[in-house]
Each structure stands twice: as C-alpha cells, then as structure tokens.
Amino acid sequence: MGLSDVKSWRFWLENIVAGILYTVSGLISNIWAVPHDMVAPLWLPSGFALATTLWWGYRSTFGVFIAEFIVTALLGDVTVWQNWVASAFVGGGAVLQAMIGAWLIQHFTHSRSPFFSVSAVFIFIFGAGLLVCVTSATIGSLSLLVFGLIKLTDFIPTWYVWWLGDTVGIMVITPVIMTWYHTEIKFNWKQLCEFVSLLLLLGITIWMIYVLHYPLTYILIPFCVWGAVRFGPRLATIVAFLIAISVLWLDVHGYKEFLVTNISTSLLFLQAYVAVIFFTTLILSAILNERKTAQQELVKVNLELEERVTQRTQALAEKNVALNTVLDELKQAEAQLIQAEKMSSLGVLTAGIAHEINNAVNFISANINPLKNDIEDIMRVLAKYTEITPGISLNDKLAEINKLTNEIDLNYTVDETRNLLSGMEEGAKRTAGIVKDLRTFSRLDESELKHVNIHDNINSTLTLLHSQYRDKITIVKNYGDLPPVECYPGKLNQVLMNIITNAIHATPDKGEITISTTTKADKIAISIRDTGTGMTKEIMAKIFEPFFTTKDVGHGTGLGLSISYSIIQDHHGSIEVVSEPGKGSEFIITLPIKQVI
C-alpha cells in the first residue's frame, strides 16, 4: 500500500465501511459479554475484520484498528490512560490476526473465498480460525494484564474465552460475507420459494422452543443440512448464521440450555454448538459443491469428448475417403505396373516365339518346291500310263514309261516325297504345339480360380522360353506326382516365367536348370534351381523390392520378382530363395493345393 492509495477516496471509503461494520458488530457482541471480563462468547468483529481484509486487502485494516481501539476503550474507564494504551494494543492484535488469516487463506487455498472445497474449508476452520485466533487473544489478554485491567488469575479464562469468541466469530461471519465474493447471482423462483419455506419453518421451530421452553435446540441442525444440500454454501451459511444468532438470542432471554455452574463451561457448550452448526454446514455444502462441480465438469468433459469423437469420426471418414481414393489409385498403378511387366515379358517372348514359329514355317515352306517337283515327276509317269490305249503297242509304251521312270528315278522320288511330307507334318505339329503352349501360358480367365496341372504350366513356359536357353542350358525335370492345384493360372504362369527367365539370365554360359515338384501334406512345392552366378546376402535381402534389379539399365524393370512375390502372397503361399555367389540360386515356391477364401 503506497501513499497514493491513502490519498484515494476508495481507501477512505473502504476503511470507513470496515470501521462501521466492526464497531456495530462489536456493540452487538457485547450484549453477550461475560460480566467483568470484557469478552464475549461470539465476537462478531473478528469475522468482519477477516472478511473485509479478504475482500479489499490489507488497506482496510486501518479502519479495523480504529474501530477496535474505540470499542475496547469505551468498554473500560475512558479517564485512565492505561485503558487507551491497552486498547491500542488490542486493535493491533485484531489487525495482525486479520492480516495473518487472510494471507494464510490466500496462500494455501489460492482463493479469497475458501468455502467451495473440503480442503479449503479445513484450512479456513483450523488455520484461519483455531490457529490464527491465538494472535488476538494472546496480544489482547497480555495487554489487559500488563496495564492492570485484569488480574493474573483471570488471564487464562480471559484468553480462553477471547480465543473461542474470535474463532466462533470468524466461523460465523466470514463465510456469510465471503461466499458472495465475485459470485454470479442466478435468480430462481423455485429455489427462492423453497428457501423462504425453510426460513419460515426455522422461525416456527425457534418460536416453539422459546414458548415451550424445551431443550430442543439440536433439532435446528437438520435445517443446516437442508440448507447445505439444497442451496449450496452461500444460502446455507445464512441459514447457519440465523440458527447461531437464534441460539444466542434464546440464551440471552433466559433460555439456559447451555448454562451450567461454571461460566467457562457454559460458554464452551454454547460456542461448541455454534461451531458444530457452521462446521457441519460448511463441510457438507463444500462436499456437495465439489460433487456438483465434478458432475458439471464431467458433463462438460463428456460434451467435449463427444465433440472430439464427432470431429475425429468426421476426420477419420474424410481420411478413409482419401485413403480409399489413394488405394484405388495404388490398385490402378499396381495393375499398370503388372501390365507393364507383362508387356515387358511379352516383348521378350515375342522374339523367341516368332523365331520358333518361323523355323517351323520355314521348314514347311522350304519343302514345298521339292515336293511340288517330285509330285510333278510322279504325275508325268502316271500320265504315261493314261496314254495306253488298245490301238497303241503295249511294249512300246511300257518301254517309254520305263525310260521315264529311270530318268526321274521313281523309287527315290517316291521316298523323297514321303520324307518331305513327314517333315512338313513335323513342322505343322511344332507350330501347333507352340500355339497350344502359348494359349496355356496366356490364359484369359485370371480372375477365376481354376484347378490346373502345374506341370502343363511349367512345360508351356519352357516351350515359350525355348529360344532363350536352346543350345546352352540343359533343362532337367524332376516332376513328382502332383494333384490338380487350385490357382489363378495366368498369374502363376507369370511367376514361373519371371523366375525361369531370371535363372536363364543368371547362367550366361553353358549350365543346367533343374525344376522339381513335390507334395507336402496339403501343399505343393516347386523348386527352380540354376547353376548360375548366384547372389550375395545383400542382394538376396532386396530382390523382392519393387524396381530393384541387378541387370544393366534398359534390360530390366525390377518388377518381376516383386510382382511374383505379391502373386504368391495372393495365393496364400510363400516364395523362398537360397543362393551363394558362384554356386547358383534356388527359388522354392510353396502353394496350397486348395485355396481358402
């Protein structure tokens, strides 16, 4: 607090209001003062002092000091200077108590209104109440003793009643004021009607206790519970305050339920009752407020979670749409890559097939002219026989025919004709076989599962690749007894062609490719082993990766084995490779005999 604060109108307004509240509550509290002791069982000013300090800050303690100084001085002999000095010390104790209590509450609860959580309520009651009230009671009692206003024998009773009076005063007044600090007031007709009904029933009950003079003040406790359960800390503390004042009022007007022979014990009973009323109200309302706040937070969190779930669901839906689009694009790209690999393979096959067919066709066409000449010679002989008629000399004609036969060497011509026809027949068969194997290899029903003879697929593949390994590689077939295998024939043919082609290319000089087939339980195994250059472990780890190739640029797409691996996976099978540099490679394809969809 600086000099500018002291000069402001707000400083003086706050201190004037604090002083008036402190003075008025002090005069009211003195109604219940213990005779000759200058202390009261319920010292309301201590509660006002703490409340104004919490509300406005330490600058309002000036008004508290002046009010306590005046109130205490007026209770004693105003003509004695000791009374005024002691009153100044009492005022200082009241200010110090309010400042320490306010600091403790704000430091440990981080709030100026510590009545909405159980932990904060305990700090308020046991810290700012029971503990901090030692300050004013000790300073005040010592001041009265030092300046001769009380006897030494009265010090302990005075301190005890003073401490309890301040404690109960803080418990009664501070919550009533501070529960409204920075509070948003919501008007509710139903709640107002219920609160008015509670107050009416409370008034009727107090009136009945007073009229009938029955010791029934404890039946007022349920009203505190009602207020805490239904109205929260703000209105509940008002109900508790009214009950506390009503009990004091009853006691003043001759209703001595808490009166015993010892005045200190009587005060203790009365203060304990008031403390229990406020302790019960504050704790119960704080518990219910925490529960209500937790429920509100839970509802808020649930709403936020639902909103997040909705947003995440929408985001996932959008991502799914995007992923489906990407998946479709990938499928299209995969189909294009497979088609590109097929076209690449087709380009390799076309030259070989064209060469094989051309050899067969050339073989046939080369025999046509010799065969035509031989047939013409034979036809000339036959024509001579048709010239024999009854009017012509038979011997002459036979001599002529014999001469022609010798000229064309008829026996040799007939044998040559047979040989030429046999050669043409073989060429036609070879051409038909190539076409048949080509049809077997390039099946159009790839989208349907078929039961096929794997050996036919291997043989057709070897036929189409014959031009690539002829005259340099020996094919060894170790076929086992295989059942028909359910597969996609066209795709499987592509796998066989890719692996056999790689084996041919891996064997640049003369070598051998061994193809073996075996049955293993409900699966078959196809082994394709070559005697080529082999592979290192580093290359073996990458051969099934897309676009990886060991061939020169322009001589391989790097997709053959990658596509082959995917096709075997689609068949629920496996493909393994065993290789060593300089010792060749072996690819082992394992396929189930029957596909499980």
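Residues numbered from 1 in each chain as written. Predicted model: local features only at pLDDT ≥ 70, side-chain atom pairs only at ≥ 80, totals over all residues. Heavy atoms only, no water.

**Student:** Just to check I follow, could you spell out the nonpolar core for this structure?
**Tutor:** One broad trend across soluble globular proteins is that nonpolar side chains are buried collectively. Ranked by size, the top nonpolar core spans 56 residues in total, and within it Leu50, Phe124, Val172, Leu220, Ile243 and Phe278 carry the most contacts. Of all the elements in the fold, those that place two or more residues in this core are helix 3 (44–56), helix 5 (81–109), helix 6 (118–131), helix 7 (133–146), helix 8 (155–178), helix 9 (189–212), helix 10 (221–252) and helix 11 (263–386). Here this core takes 11 residues from helix 10, the largest share from any one element. Residues contacting Leu50, with those up to four places away along its chain left out, are Ala98, Gly101, Ala102, Ile105, Phe124, Ala128, Ile170 and Thr174. (Core = buried A, V, L, I, M, F, W, Y, C linked by side-chain atoms within 4.5 Å. Buried < 20%, exposed > 50% of the residue type's maximum accessible area, 1.4 Å probe, protein only. Helix = DSSP H or I, 4+ residues; strand = E, 2+ residues; numbered from the N terminus. Contact = heavy atoms within 4.5 Å.)

**Student:** Just to check I follow, could you spell out the sheet that holds strand 6 (residues 574–579) for this structure?
**Tutor:** Strands belonging to one sheet form pairs held by backbone hydrogen bonds; the direction of such a pair is parallel or antiparallel. Read from one edge of the open sheet, five strands run 2-4-5-7-6, paired in mixed fashion. Of all strands in the sheet, those bounded by a partner on one side alone are strand 2 (473–478) and strand 6. Averaged over all adjacent pairs, the angle separating strand axes in this sheet is 15°, with direction ignored. Seen against the sheet, helix 16 (residues 489–505) touches strand 2, strand 4 (511–520), strand 5 (523–530), strand 6 and strand 7 (585–592) and runs at an angle of roughly 25° to strand 5. The strands that helix 18 (residues 560–570) touches are strand 6 and strand 7; relative to strand 7, the one it contacts most, it runs at about 25°. (Pairing = 2+ DSSP bridges. Axes fitted to C-alpha atoms, helices over the stretch in contact; angles between N-to-C directions.)

**Student:** Sorry, what's going on with the environment of Gly423 here?
**Tutor:** Structurally, the position occupied by Gly423 is in helix 13 (residues 410–441). Expressed as a C-alpha distance, the spacing of Gly423 and Ile364, which sit 59 residues apart in the sequence, is 7.2 Å.

**Student:** So what exactly am I meant to see when it comes to helix 16 here?
**Tutor:** Taking 1.5 Å per residue as the helical rise, helix 16 with its 17 residues ought to reach 24 Å, and the 24 Å between its terminal C-alpha atoms agrees with that figure. A large share of helix 16 lies buried, amounting to 14 of its 17 residues. (Expected span 1.5 Å × (residues − 1).)

**Student:** What should I look at first to understand the side chain of Thr109 in this one?
**Tutor:** By secondary structure assignment, the location of Thr109 is in helix 5. Polar side-chain contacts of Thr109 include one of 2.4 Å to the backbone oxygen of Ile105. Sequence-distant contacts of Thr109, that is, excluding residues within four places in its chain, are made with Leu104, Pro114, Ala120 and Ile123. (Polar contact = N/O pair within 3.5 Å; in protein donor to acceptor, adjacent residues only side chain to side chain.)

**Student:** Help me understand the confidence of the model for the protein in this model?
**Tutor:** Close inspection of predicted coordinates is inappropriate in any region flagged by low pLDDT. The pLDDT averaged across the protein works out to 80; a share of 81% of its residues lies at or above 70. Across the protein, the element-wise mean pLDDT spans from 58 in helix 1 (residues 3–7) up to 92 in strand 5. Between residues 35–39, whose pLDDT stays under 50, and residues either more than four places distant or in other chains, the model counts nine contacts. (pLDDT = per-residue confidence, 0-100.)

**Student:** Any chance you could explain the pairing of strand 4 here in plain terms?
**Tutor:** On any regular strand, side chains alternate: one points to one face of the sheet, the next to the other face. Where strand 2 lies against strand 4, six bridges are found, and the strand directions are parallel. Bridge assignment links Thr474 to a residue of strand 4, and that residue is Glu512. Sheet topology places strand 4 next to strand 5; eight bridges connect them, and they run antiparallel. Bridge pairing in strand 5 links Thr517 to Ile526. Connecting the antiparallel pair strand 4 and strand 5 is a turn made up of two residues, with Ala521 showing a positive phi of about 55°.

**Student:** Mind showing me how you'd approach the environment of Leu496 here?
**Tutor:** Tracing the chain through its elements places Leu496 in helix 16. Judged by relative accessible area, Leu496 falls into the buried class, the value being 1%. Taking the C-alpha atoms as reference points, Leu496 and Ile458, separated by 38 residues in sequence, lie 6.9 Å from one another. The contact partners of Leu496, leaving out residues within four places of it in the chain, are Asn457, Ile458, Thr461, Ile526 and Ile528.

**Student:** Quick question: what am I supposed to make of a nonpolar patch on the surface here?
**Tutor:** Together, Trp12, Ile16, Ile20, Val24, Ile28, Phe62, Ile66, Ile70 and Leu74 give the surface a local cluster of nonpolar side chains, amounting to about 800 Å² of exposed area. Take the nonpolar patch: its biggest share by element is five residues, from helix 2 (residues 9–29). Within the fold, Leu74 resides in helix 4 (residues 61–75). (Patch = residues over 30% accessible without salt bridge, like charges linked within 9 Å, V, L, I, M, F, W, Y side chains within 5 Å. Areas by Shrake-Rupley, 256 points an atom, 1.4 Å probe, with all protein chains shown as cover. Salt bridge = Lys/Arg side-chain N within 4 Å of Asp/Glu carboxyl O.)

**Student:** Help me understand the environment of Leu242, please; the structure alone is not making it clear to me.
**Tutor:** Within the secondary structure, Leu242 sits in helix 10. In this structure the C-alpha to C-alpha distance between Leu242 and Gly203, which are 39 residues apart in sequence, comes to 9.4 Å. When sequence neighbours within four positions are dropped, the list of residues in contact with Leu242 reads Leu199 and Leu202.

**Student:** Looking at this model, I keep getting lost on the packing of aromatic side chains. Mind explaining?
**Tutor:** The geometry of an aromatic ring pair is captured by the separation of the ring centres together with the interplanar angle, meaning the angle of the planes. Applying the stated rule across the entire model yields 15 aromatic pairs. With a centroid separation of 6.4 Å and an interplanar angle of 75°, the aromatic rings of Phe126 and Phe279 are classed as edge-to-face. Taken together, the positions of Phe126 in helix 6 and Phe279 in helix 11 put the pair 153 residues apart, joining distant regions of the chain. Ring centres of Tyr160 and Trp163 lie 6.4 Å apart, and the angle between their planes is 40°; this geometry places the pair in the tilted category. With Tyr160 and Trp163 both in helix 8, this residue pair falls three residues apart, about one helical turn. (Phe/Tyr/Trp six-rings, centres within 6.5 Å; stacked < 30°, edge-to-face > 60°.)

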